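Coordinates in review
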Amino acid sequence: MTTLASPPRVTGVAASLGRRPWGLYTAIAFGVLLAVAAIAPQVLTVHAPTDLDYGSALQGPSLAHWFGTDESGRDLYTRVVFGARESLLIGLGAAGVGVGAALVLGSLAALAVKPAAVVVDRFVEVMFAFPALLLALLLIAIAGPSATTEIFAVGLGTAPGYARMVRGQILSAKNSGYVEAATALGHSRWRIVRAHILPNALRPLVAVFALSIGQSIVWASSLSFLGLGVAPPSSEWGALLDAGRAYITQAWWLVVIPGLVIVAVALATTIGRHLQTRLEKGERS
């Protein structure tokens, strides 16, 4: 009687390579590069984002200009590097506004007395049904286009979805066994909320905040591309898209390269998914 041979086991270096999360390492390396660009852009480029060279206008990517040049001969790579600070600040600010508003609304909806919780619940549902882009356009129409308006427009547009998640997490924690045990031991309501419900319910927000940064940058860049955010000659990535769309048939790199950078930042938020997985493992252990 013949038996099928078992497949050879992968050992040594090959097995080690297979186990390593190379996508995570790449995301971390890209995040470090973005941090350097935001804090000290001069480390990554010797040019200034406002240096004009009309003789080099609309040149394609080359060794002299890695990302090409714009209509004024400015080096696009330098403008992308210097635009990292403003783009990341907008993303961080919008993520902070969105997650902060979600914390308040979600906590009130789950922990407040029933009449107040019902009111907050209905308010969150109305906000969730309201298109985020329409809300952003309304805020920009009232306050005018600027980086601050972008932060609040994007942040408030994303808050309802996070608020529903916070509410669900808190309600789940309220019905858990450890909360029932603390109640049976006679702990006060405030102590139970502070020591048991909030730490366990809000743990996933660490990952959500990381993920929302990339989402906020995409939304803010979309508004800038529509001419409703930071205006040129700013080096903010959405403003670069807005400035380059007039030359899309002559100089594709003015739109494609900043767009790819925005996509790369959004993909780099896989760090947040890794954090979420680690936190969930810690919660189960």
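Cut-offs and rules
- Residues numbered from 1 in each chain as written.
- Predicted model: local features only at pLDDT ≥ 70, side-chain atom pairs only at ≥ 80, totals over all residues.
- Heavy atoms only, no water.
- Helix = DSSP H or I, 4+ residues; strand = E, 2+ residues; numbered from the N terminus.
- Buried < 20%, exposed > 50% of the residue type's maximum accessible area, 1.4 Å probe, protein only.
- Contact = heavy atoms within 4.5 Å.
- Areas by Shrake-Rupley, 256 points an atom, 1.4 Å probe, with all protein chains shown as cover.
- Phe/Tyr/Trp six-rings, centres within 6.5 Å; stacked < 30°, edge-to-face > 60°.
- Lys NZ or Arg CZ within 6 Å of the ring centre and 35° of its normal.

With that settled, the discussion passes to the overall build of the protein chain. Each helix and strand counted, the protein chain has 12 helices and 0 strands in total. Scanning the protein chain from its N terminus toward the C terminus, one meets helices and strands in the order α-α-α-α-α-α-α-α-α-α-α-α. Expressed as a percentage of the 285 residues in the protein chain, the buried residues total 40%. Once local pairs closer than 6 in sequence are excluded, the contacts in the protein chain between residues at least 24 apart make up 67%. Roughly 15,600 Å² of accessible area belongs to the protein chain as shown, and the carbon and sulfur atoms make up 67% of that amount.

For the rest of this paragraph, the subject is the packing of aromatic side chains. Scanning the model with the defined rule gives 3 aromatic pairs in all. Each ring, one from Phe67 and one from Tyr77, has its centre 5.3 Å from the other, and the planes form 85°; the classification is edge-to-face. Pair noted here: Phe67 is in the loop between helix H2 (22-39) and helix H3 (76-111) and Tyr77 is in helix H3, with a separation of 10 residues, a long-range link. Plain terms: the ring middles of Trp252 and Trp253 are 5.7 Å apart, the flat faces sit at 80° to each other, and that makes the pair edge-to-face. When its relative accessible area of 7% is taken as the criterion, Trp253 is described as buried. Chaining the aromatic ring pairs together yields one cluster made of Trp66, Phe67 and Tyr77. Between Arg245 and the ring centre of Phe225, over which it is positioned, the NZ or CZ distance is 5.2 Å.

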